[in-house]
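Residue strings, one per chain:
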Amino acid sequence: MKTVYLDHAATTPLDEEVLSRMLPYFGERYGNPSSMHGSGRRAARAIGDARERVARAIGASPDEVIFTGSGTESDNLALIGAARAYRSSGKRIVISAIEHKAVTEAAGALEREGFEVTVAPVDTRGMIDVAAVAALVRDDTVLVSVMLANNEIGTVLPVAELSEALRERRKKTGFPRIHTDACQAAGHLELNVAELGVDFLTLNGSKVYGPKGVGVLYRRRDARLSPLLVGGGQESGARAGTESVPLIVGVALALEKAERLREREAARLSRLRNFFIAELRARIPSVIVNGHPTRCLPHIVHLTVPGIEGESMVLMLDEAGVEAATGSACSANDLRPSHVLVATGQSDENVHGSVRFSLGRGTTEDELGYVLSVFPPIVQKLRGASALTTSYYAKEKHLV
Amino acid sequence: MRKRSTSCDGDGWLYGEVVRDHFFSPRNLLIDDASYEADGIGVVGSPACGDVMAVWIRVDRGAGRIAECKWRTFGCASAIASTSMMSVMATENGGMALARAKRLTPEAIIERLGGLPDRKYHCSVLGHQALREAVKDFEESRAR
């Protein structure tokens, strides 16, 4: 049976060119970049080269690029590191309600350190109101963290407009510092740190056809961070620990390639997405397409299928060879439904009935055609077994 | 018991083989509930929790046993499979005596399913409650 992988928002396959460029650093080029001898210097040069590539891809300077162990670590470092560094200037941060858990949990950790965290709400499409978020910023707000694009529903948030709205205040006081998690946006949206007007920006390897286990944090030259890992002072003291040269080489090449392919690939995926959504609407009664109708990533199709539950859909799709994801509580380790769907104000039963298809470089119209042939019968089967679609339930509970 | 024959690693499925079988091939599903004449109906759970189970029973009044047990479930794979297994247990061997049906435990259903992952243990097995409600519904309607 063929497998149609439509979970690129979870992780992308590793680009073969990236893999082949990484391999020597797992083997004969084993030097520690901190060593003074030839092997060490060659490793240090590879990292320097990687830093330059990442910097070029995001319009930054090489000294503003920090390599970390994951997107999660970059988010943690940006939030916890910046908040601790600036705690004498204020103990308040603002985040959006649909941030990745790496941000929300980091904010939770800061709360336990005595910081106050204000959560900016989103509308039903996952969109923030720039003026409303700016209005949440007070004199003691040292950091604002708003993701560039949401990983579940694909809504693209107006980060550049937000930093513009905060420009005067920032010019006067230097605060708030602005962080954006751009992991899901990479390869789909332009990532120019100057145009975005941010002080910190998170990226990782595993969403851009690069390796897992490596992240990037852009830190504007004048922005401070208190390191989470201390030791040998690597990464200009921001992140101690012997650098993983192969992963750093890999993430840099992957980001560079993603940026090179971006415009063409985003246009191609956008066409596929529109086709897929139109066909889904035609074939699945009362299906809901979540996220923002225009300000959305080109590769994420997030649906609510009223009457049925997400895990059931995903397992039946998997049985048919289609790999997708769900924000349903039953699939989560903590059995709580996705905070993103809850934040968009979805009804209880709809929160449980979500499925996310995320397209990627390998996705073809043929593949989507196959999904369109197997998904509607799955929906029909599960709706036929669902208690929420019974006439009894409709009559007694006034639902569906 | 809980962890037996469940697997999250390798190519092993999230659930065991019995759960898988009942999820993909549910037994005693009620397709057309509008025209089904039941002796008792039980509905438990809530959409907010992600699980709703509806059970319809027909009763062999002479024997005091369950003759038919039909169901519909909104929920994850283990919710669907556990309701299916409950319906099998309620109707096998000439049908479960009503008094026993009211005492059916989630542990008994999970045992017949060959176990469930830990995190599914408490949330997704509600079939016994729906069955109990259906039996009570039957008894109350008979008393009226």
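These numbers come from a predicted model, not from an experiment.

## Some details on the overall build of chain B
- The helix and strand tally for chain B stands at 5 helices and 3 strands.
- Burial status across chain B gives 49% buried among its 144 residues.
- Sequence-distant contacts, at least 24 apart, represent 66% of the contacts inside chain B between residues at least 6 apart.

## Re helix H1 (residues 16-26) of chain A
Residues and elements named next belong to chain A.
- All buried positions along H1 are accounted for by Val18, Met22 and Tyr25. Seen along its axis, H1 keeps its buried residues to an arc of 35°; they face one direction. Structural note: H1 exposes Glu16, Glu17 and Ser20 on the side pointing more than 90 degrees away from its buried face.
- Packed against the buried residues of H1 are helix H2 (38-58) and helix H9 (245-283).

## Quick look at the confidence of the model for chain B
Residue and element names in this part refer to chain B.
- Averaged over every residue, the pLDDT of chain B is 88; the share at 70 or more is 90%.
- Confidence drops under pLDDT 50 across residues 1-10; counting only partners more than four residues distant or on other chains, this segment forms 21 contacts.
- Note on the complex model: pTM 0.93, ipTM 0.89.

## Some words on the interface of chain A and chain B
- The interface is formed by 25 residues belonging to chain A together with 23 residues belonging to chain B.
- Counting only elements with at least two residues in the side of chain A that touches chain B, the list comes to helix H10 (310-319), helix H12 (348-351), helix H13 (365-385) and helix H14 (391-397) of chain A.
- With 4 residues, H10(A) is the largest single contributor of residues to the side of chain A that touches chain B.
- Grouping the constituent residues of the side of chain A that touches chain B by class yields 11 nonpolar, 9 polar and 5 charged.

## A look at the domain arrangement of chain A
Residues and elements named next belong to chain A.
- Assigned domains within chain A: domain 1 (4-9 + 262-397) and domain 2 (16-258).
- Of the residues lining the interface, 23 residues belong to domain 1; the matching set on domain 2 comes to 23 residues.
- Those elements that provide at least two residues to the side of domain 1 that touches domain 2 are H9, strand E10 (300-304) and helix H11 (339-343).

## So, the nonpolar core
- Formed by 163 residues in total, the largest nonpolar core has its most connected members in Leu79(A), Ala83(A), Ile93(A), Ile248(A), Leu255(A), Val55(B) and Ile57(B).
- Ranked by residues supplied to this core, first place goes to H9(A) with 13 residues.
- Two domains each put at least three residues into this core: domain 1 (4-9 + 262-397) and domain 2 (16-258) of chain A.

Cut-offs applied
Residues numbered from 1 in each chain as written. Chains lettered and ligands numbered in written order. Predicted model: local features only at pLDDT ≥ 70, side-chain atom pairs only at ≥ 80, totals over all residues. Helix = DSSP H or I, 4+ residues; strand = E, 2+ residues; numbered from the N terminus. Buried ≥ 20, exposed ≤ 12 C-beta atoms within 10 Å, placed from the backbone. Contact = placed C-beta atoms within 7 Å. Arc of directions from axis to C-beta. pLDDT = per-residue confidence, 0-100. Nonpolar A, V, L, I, M, F, W, Y, C, P; charged D, E, K, R; others polar. Domains from an automatic or database assignment. Core = buried A, V, L, I, M, F, W, Y, C linked by C-beta atoms within 7 Å.

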